[in-house]
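This is what each chain is made of:
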Amino acid sequence: YTLLWVDPSYAFDAPVYKSGATFTWGPPIQNTKFEVMIAVYSWDGSQFLGAVSCIDEDTGSITVPGVHLQGYPVGSLTAVHLIRHRMSEVASQDYQGLIQTHMKWEVVGTGHIE
């Protein structure tokens, strides 16, 4: 819950565990995919250390395995991107084919590696 606080005094308060991080949301939406991308920065935010991204069907939760977070130092700052994707194809007679669509809805929260 603290991941999405907007009060600056709570920034980077949410722990992202090196052993693995599970994120939940609701409601899940059929025929969409959900992505969690964790961008990791040094403890003072001055250096970008890397990023981890996991995407799957939107079931209301996703776990980022710890193996992908182990290399980051405890105390590193994180920007956690929660992204819902909806992709579809629509027949187009004008172009005599298909038009692909991609809707993306995203929120970003902050945390730290623990």
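The rules behind these values
- Residues numbered from 1 in each chain as written.
- Predicted model: local features only at pLDDT ≥ 70, side-chain atom pairs only at ≥ 80, totals over all residues.
- Heavy atoms only, no water.
- Buried < 20%, exposed > 50% of the residue type's maximum accessible area, 1.4 Å probe, protein only.
- Helix = DSSP H or I, 4+ residues; strand = E, 2+ residues; numbered from the N terminus.
- Pairing = 2+ DSSP bridges.
- Axes fitted to C-alpha atoms, helices over the stretch in contact; angles between N-to-C directions.
- Patch = residues over 30% accessible without salt bridge, like charges linked within 9 Å, V, L, I, M, F, W, Y side chains within 5 Å.
- Areas by Shrake-Rupley, 256 points an atom, 1.4 Å probe, with all protein chains shown as cover.
- Salt bridge = Lys/Arg side-chain N within 4 Å of Asp/Glu carboxyl O.

Novice: Would you mind going over the pairing of strand E5 (residues 61–65) with me for this structure?
Specialist: Looking along a regular strand, one sees the side chains alternate between the two faces of the sheet. In E5, alternate side chains face the same way, and those of Ile 62 and Val 64 are buried while those of Ser 61, Thr 63 and Pro 65 on the opposite face are not. Two strands pair when backbone bridges link them, and strand E2 (residues 20–24) and E5 are joined in this way by five bridges, in the antiparallel orientation. The residue of E5 that forms the bridge with Thr 22 is Thr 63.

Novice: Explanation requested: the sheet that holds strand E3 (residues 33–41) in the structure shown.
Specialist: Remark on secondary structure: sheet strands pair via backbone hydrogen bonds, oriented parallel or antiparallel. Strand order in the open sheet formed by five strands is E1-E7-E6-E3-E4, with mixed pairing between adjacent strands. The strands lining the two open edges of the sheet, one partner per strand, are strand E1 (14–16) and strand E4 (48–57). On average, each strand axis in the sheet is inclined to that of its neighbour by 30°, with strand direction left out of account. Pairing between E3 and E4: nine bridges, direction antiparallel. Residue Glu 35 lies in a different strand from E4, and its bridge partner there is Ile 55.

Novice: Just checking my understanding: could you explain a nonpolar patch on the surface for this structure?
Specialist: Together, Val 90, Tyr 95 and Ile 99 make up an exposed nonpolar region whose accessible area comes to about 320 Å². Tracing the backbone through its elements, the reader meets Tyr 95 in the loop between strand E6 (77–92) and strand E7 (97–113).

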